[in-house]
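Here is what each chain is made of, one letter per residue.
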Amino acid sequence: MSTEIKNFRLNFGPQHPAAHGVLRLIVELDGERIERSEPHIGLLHRGSEKLMEDKAYNQNVPFFERMDYVSAINQPYAYVLAVEKLAGIQVPKRGQYLRMLVSELSRIGSHSLSMGALANDVGAITPLILGLEIRERISEFCERASGARMHGNYIRPGGVSFDMKQELLDDILTYMDDLTNDIQACDDLLSENRIFKQRTVDIGVISAKQALSYGFTGPNLRACGVEWDIRKSQPYDAYEEIDFNIAVSSDGDTYARYAVRLFEIRETIKIVRQLIKNMPAGRHKTDDEKFTNPKRKKMQSSMESLIHHFKLFSEGYHVPAGEVYESVEAPKGEFGVYVIADGTNKPYRVKVKTTSVPHLSALNELTKGHMLSDIPAILGSIDIVFGESDR
Amino acid sequence: MLKIKILLKNIEGVLTDIKKTVEITPQNEVKLVVDKQDLKLAISLLKDHTALKFNLITDIIGVDRINQEGYEKRFDVIYILTSTSLQTHMKIVVSVDIDEDIPSITDLFIGADWLEREVWDMFGIPFDAHPDLRRLLTDYGFEGHPLRKDFPVYGYSEVRYDEEVGKVIYEPVKLQQDYRQFNSLSPWEGLNSQPQQDQAQAVAMPGDEKANV
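Bear in mind that the values here come from a model prediction, so they are computed numbers and not experimental data.

## So, the overall build of chain B
Part 1 of the argument: Each helix and strand in chain B was counted, giving five helices and nine strands.
Part 2 of the argument: Along chain B, helices and strands appear, N-terminal first, in the series α-β-β-α-β-β-β-β-α-β-β-β-α-α.
Part 3 of the argument: Put simply, 46% of the contacts in chain B that link residues at least 6 apart link residues at least 24 apart.

Following this line, the structure appears as structure tokens:
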């Protein structure tokens, strides 16, 4: 006598604590083994791209911070670079260094949280607490620099909104020593941990060729053995002057992705130290008052500045017609922005190249043949944020 | 700059049989314009040729050109490809009209699957021979293509939870106040960019209606 066993279909999410957001994953199971998984995204779709066509150039910057809310500072960076290229805005050296500094700090925050979340998903709680603490310290520095912990609107076309005081830079430099210890603690807890390795080694393997075909970027691509980092290959701002290494692993599994992130935090600490040591003096943003707001003191005595201020915050500025694609190395991969300007004060079209969409589209490939309980580990290791993938 | 010029030469050499225009944009990017029937051949040559190796698909971008002058067809689909060996990216532009389909490149890049689904969702450009052309970002049962320029920013329907029915319901959009379009554009500033001066003078300026009273 034989009985026919049907495959079991499971709805994972949209509200599930291990899904890192609103992901609806339809999993087809044979026993506990995954036959097929199909992600449904778009549950956090807010129509940012449509809204941006309706707003002036400088009003669009905060939209980008609300995409990948875990590393809010890196996203507007790409947009700001694109607008600067189209409008021909020159950024002073100090402004460039400050932008690089905050984006590297935000990279540390994002990586430490994603490592902690991965560890939490496979059953270790302490690294998550460590990761959250690191992120909290980074948020405090962001608050001191921009006035807001997370969405500071710090990077703007023409430079950054506020200068950093020397004591803040000193404090960041001092914190880098503490951070090195915290990362070492994370490393000690996880890297050689038997349970962690059992849950991550050889789970969710993808080859370099497949990863490129899917459009992987960032740590997930580097974990497959492709040496690809926008900061090295197409250096923006002053990354050419910085000395750092790229983490590459050849395994392409969940553990490799974790190891690449861990190495990257250490490299980022190196970058932050170099940036603070070589911080140039001078203005933190361009002096062209057509693109940045003038000083309040100056506005009280100069009619010209008052007009500039009013024009900047009502009409904005006109960007000459043109199209450009600019990308930055965000913590999760290549984050790019395609801006089409038509000569008015609003962009004609803004397209966001997200980091998470290619990684999510490969989820079926990554999870196929694994156990149901491996899904949280794989999701944690590809480091996705739905605010960004859904826009 | 030199690197880009060499790349341009190489691309022209590889794509000899294809009707195309290759140029360097003022923003220093390589732009290739091809017809839609040559698209797949062009991309496969760019991907596999040893001198180029554009092996990473970065993005597929839809653009609605309806409000822009100088475009024959309504939509542009822009493919951004990256070469990890040359460490650069380039764009390929294909123009299509409304209801005209475009060949899918999912057999060349698996990652194009979702990117093409997004373009279909947002612009309604169908991709020929796409394995699974469903909407990607909008709601189940959504109607219309939101990034077309004739789609209003506030959409057509809104969603709320109805206490009485006990489920989420869809209703036509009811705005409590009119959608405010802050048109703070100085009318005289845009005129500088217009090519003909006599045409610029013909444009009505605010206050003109009072001048002739």
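On we go from here.
## Considerations on the sheet that holds strand S3 (residues 33–40) of chain A
Residues and elements named next belong to chain A.
Part 1 of the argument: Strand order across the open sheet formed by three strands is S1-S2-S3, with antiparallel pairing between neighbours. The strands lining the two open edges of the sheet, one partner per strand, are strand S1 (8–12) and S3. Within the sheet, the average angular offset between the axes of one strand and its neighbour, ignoring direction, is 20°.

## Overview of the pattern of salt bridges
Residue and element names in this part refer to chain A.
Part 1 of the argument: Tallying each qualifying case throughout the model produces 49 salt bridges over all chains.
Part 2 of the argument: Where Asp68 meets Lys332, a salt bridge forms, and the shortest distance between an N and an O atom there is 3.1 Å. With Asp68 in the loop between helix H2 (61–65) and helix H3 (74–87) and Lys332 in the loop between strand S6 (322–330) and strand S7 (333–341), this residue pair connects regions lying 264 residues apart in the sequence. Neither Asp68 nor Lys332 differs from the other in exposure class; each is buried.
Part 3 of the argument: Its salt-bridge partner being Glu264, residue Arg222 comes within 2.4 Å of it at the nearest N-O pair. A residue pair is termed long-range when its members are at least 10 positions apart, and Arg222 in helix H9 (residues 218–222) and Glu264 in helix H11 (residues 254–277) qualify at 42 residues. Glu264 carries the same exposure label as Arg222, and that label is buried.
Part 4 of the argument: Taken together, the shared-partner salt bridges connect Glu104, Arg107, Arg222, Asp229, Arg231, Glu264 and Glu329 into one network.

## Thoughts on the nonpolar core
Part 1 of the argument: Ranked by internal contacts, the top residues of the largest apolar core, which has 150 residues, are A:Met164, A:Ile172, B:Leu46, B:Tyr79 and B:Ile92.
Part 2 of the argument: The element that contributes the greatest number of residues to this core is helix H4 (residues 93–121) of chain A, accounting for ten residues.
Part 3 of the argument: Residues contacting A:Met164, with those up to four places away along its chain left out, are A:Arg94, A:Leu98, A:Leu101, A:Val102, A:Ala145, A:Tyr154, A:Leu169 and A:Ile172.
Part 4 of the argument: A:Tyr325, A:Ile340, B:Val63 and B:Ile78 belong to the second-largest nonpolar core, a separate cluster that totals nine residues.

## Remarks on the interface of chain A and chain B
Part 1 of the argument: Taken together, the contacts link 50 residues of chain A with 54 residues of chain B.
Part 2 of the argument: Both faces combined, the contact of chain A with chain B buries some 4400 Å², and carbon together with sulfur accounts for 54% of it.
Part 3 of the argument: Counting every contact that joins chain A to chain B gives seven salt bridges.
Part 4 of the argument: Of the charged contacts in the structure, one is a salt bridge between A:Arg391 and B:Glu118, with a shortest N-O distance of 2.9 Å.
Part 5 of the argument: For the interface between chain A and chain B, the tally reads 20 residue pairs in polar contact (both at pLDDT 80 or more).
Part 6 of the argument: When residues in the side of chain A that touches chain B are grouped by element, the largest group, five residues, is from strand S8 (residues 347–353) of chain A.
Part 7 of the argument: When its residues are assigned to classes, the side of chain A that touches chain B shows 17 nonpolar, 15 polar and 18 charged.

## Some points on the packing of aromatic side chains
By convention here, two paired aromatic rings are described through the distance between centres and the angle between planes.
Residue and element names in this part refer to chain A.
Part 1 of the argument: The full count for this structure, using the stated rule, is 15 aromatic pairs over all chains.
Part 2 of the argument: Between Tyr239 and Phe244, the ring centres sit 6.5 Å apart and the planes meet at 70°, which makes this aromatic pair edge-to-face. Across this residue pair, the class does not change: Tyr239 and Phe244 are buried.
Part 3 of the argument: Considering the side-chain rings of Phe291 and Tyr317, the 4.9 Å spacing of their centres and the 70° angle between planes classify their relative orientation as edge-to-face. Of the two residues, Phe291 is situated in the loop between H11 and helix H12 (296–299) and Tyr317 in the loop between helix H13 (303–314) and S6; the sequence distance between them amounts to 26 residues.
Part 4 of the argument: Looking at Tyr317, the relative accessible area reads 5%, which means it is buried.
Part 5 of the argument: In this structure an aromatic cluster arises from ring pairing among Tyr77, Tyr236, Tyr239 and Phe244.

## What about helix H1 (residues 2–14) of chain B?
Part 1 of the argument: For H1(B), spanning 13 residues, the distance from its first C-alpha to its last is 19 Å, which sits close to the expected 18 Å at 1.5 Å a residue.
Part 2 of the argument: Looking at the buried positions of H1(B), the neighbouring elements they touch are strand S1 (20–24), strand S2 (30–34), helix H2 (39–48) and strand S5 (88–96) of chain B.

## Observations concerning the side chain of B:Glu100
Residue and element names in this part refer to chain B.
Part 1 of the argument: By the secondary structure assignment, Glu100 is in the loop between S5 and strand S6 (102–103).
Part 2 of the argument: A polar contact is formed between the side chain of Glu100 and the side chain of Lys36, at a distance of 3.3 Å.
Part 3 of the argument: Each residue touching Glu100, except ones within four places of it in the same chain, is listed here: Lys36, Lys73, Ile125 and Pro126.

## Examining unusual backbone geometry
Part 1 of the argument: One non-glycine residue, A:Asp237, lies in positive phi territory at about 45°.
Part 2 of the argument: Tracing the chain through its elements places A:Asp237 in the loop between helix H10 (230–233) and H11.

## Regarding the sheet that holds S7(A)
Residues and elements named next belong to chain A.
Part 1 of the argument: Read from one edge of the open sheet, three strands run S6-S7-S8, paired in antiparallel fashion. The sheet terminates laterally at S6 and S8, the two strands that pair on one side only. For this sheet, the mean angle separating the axes of adjacent strands, direction not counted, is 15°.
Part 2 of the argument: The sheet contact formed by S7 and S8 spans six bridges and is antiparallel. Within S8, the residue paired with Gly336 across the bridge is Lys353.

## Brief notes about a nonpolar patch on the surface
Residue and element names in this part refer to chain B.
Part 1 of the argument: There is a patch of nonpolar side chains on the surface, built from Val159, Tyr161, Val168 and Tyr170 and spanning about 420 Å² of accessible area.
Part 2 of the argument: Elements that contribute at least two residues to the nonpolar patch include exactly strand S8 (157–162) and strand S9 (167–172).
Part 3 of the argument: Take Tyr170: it is sitting in strand S9.

## Regarding the environment of A:Tyr97
All names here are of chain A.
Part 1 of the argument: Examined against the element boundaries, Tyr97 turns out to sit in helix H4.
Part 2 of the argument: Linking Tyr97 and Arg46, residues 51 residues apart in sequence, is a C-alpha distance of 32 Å.
Part 3 of the argument: Once you skip the residues sitting within four places of it in the chain, Tyr97 turns out to touch Ala238, Glu241, Ile242, Leu275, Asn278, Met279 and Pro280.

## Thoughts on the confidence of the model for chain B
Residues and elements named next belong to chain B.
Part 1 of the argument: On average, residues of chain B carry a pLDDT of 82, and 87% of them reach 70 or more.
Part 2 of the argument: Note that pLDDT drops below 50 for residues 191–200; the model gives that stretch five contacts with residues more than four away or on any other chain.
Part 3 of the argument: For this predicted complex, the interface confidence reaches an ipTM of 0.86, while the overall pTM sits at 0.87.

## A closer look at the packing of H4(A) against H11(A)
All names here are of chain A.
Part 1 of the argument: Interaxial distance between H4 and H11 falls to 9 Å at its minimum, and their mutual angle equals 150°. It follows that H4 is roughly antiparallel to H11 by the angle criterion. When the axes of H4 and H11 are compared, the crossing they make is left-handed. Residue-level contacts link Tyr97, Met100, Leu101, Glu104, Leu105, Arg107, Ile108, His111, Ser112, Ser114, Met115 and Leu118 of H4 to Thr254, Tyr258, Arg261, Leu262, Glu264, Ile265, Thr268, Ile269, Ile271, Val272, Leu275 and Ile276 of H11.
Part 2 of the argument: For the contact of H4 with H11, the per-class residue count stands at 15 nonpolar, five polar and four charged.

Reading the values: rules and limits
By convention here, each chain's residues receive numbers from 1 onward along its written sequence. Throughout, the order in which chains and ligands are written sets their labels, letters from A for the former and numbers from 1 for the latter. Selection of residues for local features in this predicted model requires a pLDDT of at least 70, selection of side-chain atom pairs for listing and counting requires 80 or more, and totals for whole chains, interfaces and linings are taken over all residues. Hydrogens are left out, water is left out, and the side-chain values use all remaining heavy atoms of the structure. Secondary structure elements are taken from DSSP: a helix is a run of H or I of four residues or more, a strand is a run of E of two residues or more, and numbering for both begins at the N terminus. What makes two residues a contact is simply this: any of their non-hydrogen atoms within 4.5 Å. Should DSSP find at least two bridges between two strands, the strands are taken to pair. Axis geometry follows a simple rule: fit a line to the C-alpha atoms, using only the stretch in contact for helices, then measure angles between N-to-C directions, giving values from 0 to 180 degrees. Any carboxyl oxygen of Asp or Glu within 4 Å of a side-chain nitrogen of Lys or Arg constitutes a salt bridge here. The buried label applies to any residue whose accessible area, calculated with a 1.4 Å probe on protein chains only, is under 20% of its type's maximum; exposed applies above 50%, and partly exposed to all values in between. Definition used in this section: a nonpolar core is a set of buried Ala, Val, Leu, Ile, Met, Phe, Trp, Tyr and Cys residues joined via side-chain atoms within 4.5 Å. Throughout, the accessible surface (probe 1.4 Å) given up by two parts as they are put together, summed over both, is called the buried area. We call two N or O atoms a polar contact when they sit within 3.5 Å, provided that within protein one can donate a hydrogen and the other can accept it, with sequence-adjacent residues counted only if both atoms are side-chain atoms. Gly is placed with the polar residues, together with every amino acid not listed as nonpolar (Ala, Val, Leu, Ile, Met, Phe, Trp, Tyr, Cys and Pro) or charged (Asp, Glu, Lys and Arg). Side-chain rings of Phe, Tyr and Trp (the six-membered ring for Trp) are treated as a pair once their centres are within 6.5 Å; stacked means planes under 30 degrees apart, edge-to-face means over 60, and tilted covers the remaining angles. The span one expects for a helix is its residue count, reduced by one, times 1.5 Å. Patch membership is restricted to residues that have no salt bridge and whose relative accessible area is over 30%. Joining uses 9 Å for like charges and 5 Å for the nonpolar side chains Val, Leu, Ile, Met, Phe, Trp and Tyr. In short, Shrake-Rupley with a 1.4 Å probe defines the accessible areas, and a residue's cover is counted only from the protein chains shown. Known as pLDDT, the predictor's confidence for each residue is given on a scale from 0 to 100. Angles are sorted into four bins: roughly parallel if under 35 degrees, roughly antiparallel if over 145, roughly perpendicular if 65 to 115, and oblique for all others. Put simply, a crossing is left-handed when the front helix is turned counterclockwise from the back one by less than a right angle, and right-handed when it is turned clockwise.

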